[in-house]
Amino acid sequence: MPPIEHLASIPDETLILPPDVSATALREALNQLAKIVGSNNVQVHTKESMKPDDEGHYYNLPKEHDLFYILEKDTFLASGLVAPGSTEEVSQIVKLANKYLVPLWPVSIGRNLGYGGSAPRLRGSIVLDLGARMNKVLDVSVRDCTCLLEPGVSYFALHDYLQKNGFKNLWIDNPDLGGGSVVGNALDRGAGYTPYGEHFSMHCGMEVVLPTGEVMRTGMGSLPGSNTWQTFQYGYGPYPDGIFTQSNYGIVTKMGFWLMPDPGGYQSYLFTFQNDSDLPAIVESVRILRIGMVIQNSPTIRNTLLDAATYGPKSDYTTSEKPLQDSEIDEIANKIKVGRWSLYGAMYGPKPMRDLQWETIKATFMKIPGAKYEFAQPVAEGEKMSVLQMRDETLRGLPNTYELGWLNWTSPRGSLLGFSPISPASGFDANKQYQMVLKRFQEFGFDYLGTFIVGWRELHHIVCLTFDKTNPSERKRAHRCIEALIDDAAAEGYGEYRTHLCYMDQLASAYSWGNGASLKFNEQLKDSLDPNGILAPGKSGVWPARLRGRGFELKRSTERKSESTMIAKNQPSNRRSISSHLKL
Ligand code: ADP
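Residues numbered from 1 in each chain as written. Predicted model: local features only at pLDDT ≥ 70, side-chain atom pairs only at ≥ 80, totals over all residues. Heavy atoms only, no water.

The subject of this paragraph is the sheet that holds strand β4 (residues 126-129). Adjacent strands of a sheet form backbone hydrogen bonds with each other and so pair up, either parallel or antiparallel. Reading across from one edge, β1-β2-β4-β3 is the order of the 4 strands in this open sheet, with mixed pairing throughout. The open sheet has two free edges, formed respectively by β1 (42-44) and β3 (104-107), since each of these has just one partner strand. The sheet shows a mean angle of 20° between the axes of neighbouring strands, direction not considered. Across the face of the sheet, helix α1 (residues 23-37) comes into contact with β1, β2 (80-82) and β4 while running at roughly 160° to β1. Packing against the sheet, helix α2 (residues 87-100) makes contact with β2, β3 and β4, and its axis sits at approximately 155° to β3. (Pairing = 2+ DSSP bridges. Helix = DSSP H or I, 4+ residues; strand = E, 2+ residues; numbered from the N terminus. Axes fitted to C-alpha atoms, helices over the stretch in contact; angles between N-to-C directions. Contact = heavy atoms within 4.5 Å.)

Before going further, it helps to examine the domain arrangement of the protein. Taken as a whole, the protein is organised into domain 1 (4-129), domain 2 (137-261) and domain 3 (266-504). If you look at the interface, domain 1 gives 15 residues, while domain 2 gives 23 residues. Of the roughly 1,200 Å² buried where domain 1 meets domain 2, counting both sides, 63% is carbon and sulfur surface. Of all residues in domain 1, Thr-87, Ser-108 and Ile-109 give up the largest surface area on contact with domain 2, accounting jointly for 38% of the area buried on that side. (Domains from an automatic or database assignment. Buried area = accessible area lost by both parts, 1.4 Å probe.)

Structurally, Lys-51 is set in the loop between β1 and β2. Residue classification places Lys-51 among the buried residues on the basis of a relative accessible area of 13%. Side chain to side chain, Lys-51 and Asn-60 meet in a polar contact 2.8 Å long. Not counting the four nearest positions on each side in its chain, Lys-51 is found in contact with Gly-56, Asn-60, Leu-61, Pro-62, Glu-64, His-65 and Lys-73. (Buried < 20%, exposed > 50% of the residue type's maximum accessible area, 1.4 Å probe, protein only. Polar contact = N/O pair within 3.5 Å; in protein donor to acceptor, adjacent residues only side chain to side chain.)

Confidence in the prediction for the protein averages 94 pLDDT; 95% of positions are at 70 or higher. With pLDDT under 50 throughout, residues 563-584 is counted as low confidence; its partners more than four residues away or in other chains account for 44 contacts. (pLDDT = per-residue confidence, 0-100.)

Further remarks concern the UniProt feature "domain: FAD-binding PCMH-type" (unreviewed entry) in the protein. If you check UniProt for "domain: FAD-binding PCMH-type" (unreviewed entry), the listed places come out as residues 69-262 in our numbering. In residues 69-262, the share of helix is 15% and the share of strand is 22%. The end C-alpha atoms are 40 Å apart. (UniProt positions renumbered as here; feature names shortened; annotations may be inferred.)

To continue, consider the environment of Met-436. Structurally, Met-436 can be placed in helix α10 (residues 427-444). Between the alpha carbons of Met-436 and Gly-516 there is a distance of 26 Å; along the sequence they are 80 residues apart.

Before going further, it helps to examine helix α5 (residues 279-291). Along an α-helix, residues three or four apart share an orientation, since each turn contains 3.6 residues. Helix length check: α5, at 13 residues, gives a terminal C-alpha distance of 18 Å against a target of 18 Å (1.5 Å per residue), a fit within 8%. Burial in α5 covers these residues: Leu-279, Ile-282, Val-283, Ser-285, Val-286, Leu-289 and Arg-290. End-on, the buried residues of α5 take up no more than an arc of 165°, which puts them together on one face. Following α5 by one or two positions, Met-293 has its phi on the positive side, about 60°. (Expected span 1.5 Å × (residues − 1). Arc of directions from axis to C-beta.)

Right, dumping it as structure tokens:
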């Protein structure tokens with residue numbers, strides 16, 4: 001990536017200008033940023049400097065664009081990157097951004113795979129790479145089972161820290177991939193699989209740099225000298241923490257979390273179910289046991305192909321390049337000894353407690369005809385790990401990256417686009433959602449890889465669309481497929497809990513109850529907290545007044561056709577980004 005020293009040699013027309021910012025202003029802003037953080041910690045990005053497709057991977061992510069780009073590679077391209085080393089530096093950066101009207105896109109580590117990675121929603125924004133230098137575990141309390149983290153602490157790093165510093169008694173909770181940021185995941189409302197899996201509800205206290213550069217602490221942290229910042233979530237008065245998640249109202253520089261003490265025993269299990277039509281019965285059973293707290297965590301109900309893809313690419317199983325049909329999937333399920341649906345769960349606590357839970361869990365699921373169960377065995381030397389053995393680690397908070405395997409289902413250049421609708425945790429809704437997605441996947445030519453997760457009372461349906469990003473027509477199909485599904489889901493009263501950059505506007509418009517009251521409220525907050533509109537414009541479909549309605553919102557493909565002449569006024573950079581988007 002060109003370091004800032006190269007800035008002078010980059011022609012004006014090559015710079016990725018954000019709206020309302022001239023080349024001179026961007027140059028000045030980048031040079032001033034270098035004075036705050038040191039020139040080693042600022043980069044300038046151009047189209048030519050984008051990391052080649054064969055270079056970026058999970059441990060070497062491009063920070064200037066989406067690793068798994070779905071529109072054009074440069075649609076969500078950043079103009080630069082700045083890596084602060086302290087809250088004070090973040091505050092200074094934000095003040096500078098206000099002066100030059102340069103938008104900032106904060107990321108913690110930026111491994112937000114399937115949702116845009118570290119790429120900014122608004123082309124030309126500067127990526128605020130918090131994790132590069134702000135990556136310390138600031139505090140751990142054994143008494144309270146809490147920690148205080150900077151944004152760059154990954155699940156791997158937190159686990160490592162606890163193991164090496166005398167805190168082996170404290171477990172962490174990680175999502176499927178362990179390289180992400182604990183702070184970033186909670187801020188995007190991600191989840192994991194131990195009883196502490198609902199990450200936002202397990203956080204306690206934040207330090208936030210507001211879009212004006214002021215710094216505040218939430219909860220008990222706003223009381224000077226407080227000794228309960230990480231133990232009591234609410235403090236006094238209105239509770240603001242929620243507005244800093246999936247939002248563009250602040251930059252979180254410290255965040256507290258509750259950690260689970262070693263439960264004194266653990267046992268993971270797998271139930272396999274033979275029939276595709278078993279899904280409703282499985283979901284009904286999980287809901288009852290989950291709400292009754294017999295099941296203490298969020299088990300996953302995975303389809304055959306997700307497990308198959310974890311073991312190897314589609315070509316290991318078939319020569320077919322079409323979406324696989326029932327009989328072919330049955331064959332694969334038999335071959336790899338999983339179900340058409342497989343439930344991976346775990347019990348936590350001393351053996352007598354687990355024995356009691358197991359009695360009920362086993363009796364419930366074994367009522368479904370054809371169900372079988374097994375427990376994870378230690379991995380024998382030289383043997384390939386089974387999905388159960390992989391899940392066994394994830395379910396006990398051991399970070400890993402096993403699930404990267406299924407990205408390559410149809411191509412070694414595999415990419416992921418996430419689709420994550422929420423519904424009631426009922427068998428009826430699970431099936432309706434499943435059929436809805438299956439139909440669209442058949443129509444657009446993709447295999448359905450997915451998992452259903454009962455959180456508390458809701459069902460997260462995580463659909464993993466894998467595609468080859470180097471194939472433009474496949475990207476186009478993938479894009480249209482999810483676009484159609486967002487509308488299908490909304491028509492049935494289902495909404496996604498999170499989405500890729502290119503659907504943020506579409507999804508925000510789907511949450512339209514009360515004449516769009518929620519979006520209006522979010523915009524009002526935005527305008528009051530960020531009057532210059534410099535923080536993550538467009539995140540979750542929330543645009544600041546300065547940029548709202550100027551053509552930066554992405555419309556559906558069908559609407560865009562009739563709007564191809566709609567170009568934002570006075571914005572050469574925007575004109576470029578919209579026209580490149582329209583190439584699809
Ligand atoms: P991960 O690496 O765990 O996937 P990211 O760093 O990509 O997490 O964060 C996911 C999203 O959350 C980002 O795209 C950004 O919108 C938001 N985000 C992450 N970290 C912060 C932060 N410290 N302050 C504000 N928003 C953040």
